[in-house]
Amino acid sequence: QVQLVESGGGVVQTGGSLRLSCAASGSIFSINDMAWYRQAPGKERDLVARITSADITTYPDSVKGRFTISRDKAKKTVYLQMNSLTPEDTAVYYCYADILRSLSTTIAPYWGPGIQVTVSS
């Protein structure tokens, strides 16, 4: 079994910062891309940040310059540093990873259960 578990969410005021973490555990041979997505009520799940195994990062314009994704490969953990938060950033944030469980399997997508981030005005 493979699990992704997010932590670090909560309530913060406008202009504040939060740091999300997501740790992967279980039977894992290697992890390729890792990412953060978010879903606000009544909206689709959107990409927030993505990082490849070569540490190449991608951000949508909505968070570029405010959010930073990073990873610790030894700890199988991805982080999302969120600065200058606004109420529009309020959403459930989901961790994502492309994981290879063994050399006899193929890479598969895994999701964390999600964690709430609320930015108050």
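Preceding this section is the structure that the text describes.
First, a word on scope: everything that follows refers to the structure included in this document. Keep in mind that what you see is a predicted model, and the values were worked out from it rather than measured.

What counts, and at which threshold
Residues numbered from 1 in each chain as written. Predicted model: local features only at pLDDT ≥ 70, side-chain atom pairs only at ≥ 80, totals over all residues. Heavy atoms only, no water. Salt bridge = Lys/Arg side-chain N within 4 Å of Asp/Glu carboxyl O. Buried < 20%, exposed > 50% of the residue type's maximum accessible area, 1.4 Å probe, protein only. Helix = DSSP H or I, 4+ residues; strand = E, 2+ residues; numbered from the N terminus. Pairing = 2+ DSSP bridges. Axes fitted to C-alpha atoms, helices over the stretch in contact; angles between N-to-C directions.

Turning our attention to the pattern of salt bridges. A complete count under the given rule lists five salt bridges for this structure. The salt bridge partner of Lys 64 is Asp 61, with a shortest N-O separation of 3.4 Å. Using a relative accessible area of 66% as the deciding quantity, one classes Asp 61 as exposed. Between Arg 66 and Asp 89 there is a salt bridge; the shortest N-O distance is 2.8 Å. Of this pair, Arg 66 sits in the loop between strand S6 (57-58) and strand S7 (67-72) while Asp 89 sits in the loop between strand S8 (77-82) and strand S9 (91-100); the two residues are 23 residues apart in sequence, bridging distant segments of the chain. Of the two residues, Arg 66 and Asp 89, both sit in the buried class.

Time to look at the sheet that holds strand S1 (residues 2-7). If you trace the four strands from one edge of the open sheet to the other, you get S1-S3-S8-S7, paired in antiparallel fashion. Single-partner strands in this sheet number two, and they are S1 and S7. Each strand axis lies, on average, 15 degrees off the axis of its neighbour in the sheet, ignoring direction. In the sheet, S7 pairs with S8 via six bridges, with the strands oriented antiparallel. Note on S8: the bridge partner recorded for Ile 69 is Leu 80.

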